[in-house]
Amino acid sequence: AKTIHRLLEVKPPEGYQRNADNPLEGDVLIVDECSMIDIMLVYHLLKAVPDAMRLILIGDVDQLPAVGAGNVLSDILKSNAVPYVRLEKIFRQAAGSAIITNAHRINKGQSIELVGSHSDFLFAERNDQEAVVELVVKLCRKNLQKYYHVNPLTDVQVLTPMQRGIVGAVNLNQRLQESLNPSRVFLRRSGVEYRLHDKVMQIRNDYDKDVFNGDIGFIKSVNMQEKELVVDFDGREVPYDQTELVELVLAYACTIHKSQGSEYPVVVMPFMMSHYVMLQRNLLYTGVTRAKKLLVLVGEKRAVSYAIQNHVAVERNTRLAERLQAAMISEKDRSHDEWLKKDLFERIASSPFRSRFHLSGKDKEYVEEKGLDEIRKHAADIISQRLAPAEPKNDGKQTPMRGHPVFIGQHATGTCCRGCLKKWHGIDQGKELSEEERGYVVNVLMRWIGKEMGEK
């Protein structure tokens, strides 16, 4: 909410109007978990968003990148092409949470801190894979219920770096199913039993059923004669026949990749050197930050240390950051060119700084005494000496704020230095002013002085 509030302070595009006929009706579109969005998905998203709508992307750039091509969120931040806000304070847990402390330490490449058995971040060292599996099962079946009064099915999620292996998600699901759900009412598909009350996950987007990759539910009923079962997804019952069970997997345990975007009251996370190929800092950080109230790491300390030090992410050659920078520079140039086409004195009137300059009574007396023709000669000399060189001496400070009507006119019309000349008149820096450009500046000054003297 704080992110959204601060980003909404950015003003909407000029001329914004809501398009009620567009399916994306509204002033603002907010997209969460953007670290998971790949380049093709964000491409189609941006094509669907109306030009005048504000788009707010929310995500954690330190988490795992998208499975698909690209590194969108990271590239957007690197480009500095759009306004963004970084939130340093985490509200999910209490301010003194060891989960928060260790998440920050992991991101900084520092070792984790263990502060005792009453912490919300616990580590149980086991160096044998089978011993790790047995402890994970024991924690879910007995210890967490006994000491933390949690439901092992709804409150506890086991997260592991890999699918395969003794400490992989497939084997852990089989062991946890046997321990937590002995029901013999089930359907079988591809060697997997889908039992009544099992915790399951949808692994494909199914638009007909309105269920999507990563949705977790519980098997509510099983008809062994009709070969059908019903899964309850947060109160919505979705039927499956046996041929559709390929879209479901057991979800007592899942990979850290699959958990990204979700959060759980309690996370149990086995971490072993057998997961060697997956052990990286962002993987560990992502797993740790899935836990809301309690995290239990089970495994080898050296695996945790290795992951923290392994911050060499696989490079993704997207060039998105460079292209965004080029696009924004081009857009600024186009906007500036359009702005320069407007009448100079209308633009000056909208500038509080420029519009505050006026000729004093003494200045006006001087103009009347000398006459406008003589003042024009003064202006031509001042511009030739002070402004026309490619690199004027003390550029930016060479024009006094008083002493001559032309000096006042230079500040009023944005002709006081080469930087202002570029901004307000589109005349490039780094080259000597041509005769035509000098004449243009003098004409601007005399037009302003004439207005100040009451000419129409």
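So, on to the overall build of the protein. Secondary structure summary: the protein contains 16 helices and 14 strands in total. When each of the 456 residues of the protein is scored for burial, the buried share is 43%. Relative to all contacts within the protein whose residues are 6 or more apart in sequence, the contacts with residues 24 or more apart total 69%. Surface accessibility of the protein: about 25,400 Å² in total, with carbon and sulfur atoms responsible for 50%.

To continue, consider unusual backbone geometry. Phi at His197 is positive, roughly 80°, even though this residue is not glycine. Relative to the elements of secondary structure, His197 occurs in the loop between strand E6 (192-195) and strand E7 (199-202). Looking at His197, the relative accessible area reads 46%, which means it is partly exposed.

What follows concerns empty space enclosed by the protein. For the structure shown, the criterion picks out 1 cavity of 30 Å³ or more. The volume enclosed by the largest cavity comes to roughly 40 Å³. Every residue along the wall of the largest cavity is listed here: Cys140, Pro152, Val156, Gln157, Val158, Leu176, Leu180, Lys199 and Tyr252. Those elements that place two or more of their residues in the lining of the largest cavity are strand E4 (156-160) and helix H6 (169-180).

Here we come to the sheet that holds E7. Spatially, the 5 strands line up as an open sheet ordered E10-E9-E8-E7-E11, and their pairing is antiparallel. Looking at strand neighbours, the two that pair on one side only are strand E10 (236-241) and strand E11 (248-250), the edges of this open sheet. The sheet shows a mean angle of 40° between the axes of neighbouring strands, direction not considered. The pairing of E7 with strand E8 (residues 216-223) spans 3 bridges and is antiparallel. Note on E8: the bridge partner recorded for Met201 is Ile216.

A few words now on the environment of Leu248. Secondary-structure assignment places Leu248 in strand E11. Remark: the alpha-carbon pair of Leu248 and Lys199, spanning 49 residues in sequence, is separated by 9.9 Å. Setting aside residues no more than four positions away along its own chain, Leu248 makes contact with Tyr194, Val200, Met201, Gln202, Ile203, Leu229, Val231, Phe233 and Tyr240.

Conventions adopted
- Residues numbered from 1 in each chain as written.
- Predicted model: local features only at pLDDT ≥ 70, side-chain atom pairs only at ≥ 80, totals over all residues.
- Heavy atoms only, no water.
- Helix = DSSP H or I, 4+ residues; strand = E, 2+ residues; numbered from the N terminus.
- Buried < 20%, exposed > 50% of the residue type's maximum accessible area, 1.4 Å probe, protein only.
- Contact = heavy atoms within 4.5 Å.
- Areas by Shrake-Rupley, 256 points an atom, 1.4 Å probe, with all protein chains shown as cover.
- 1 Å grid on protein atoms, 1.4 Å probe; cavity = no way out; pocket = protein on both sides within 12 Å on 5 of 7 lines; lining within 4 Å.
- Points joined across faces, edges and corners; volume = space filled by probe spheres on them.
- Pairing = 2+ DSSP bridges.
- Axes fitted to C-alpha atoms, helices over the stretch in contact; angles between N-to-C directions.

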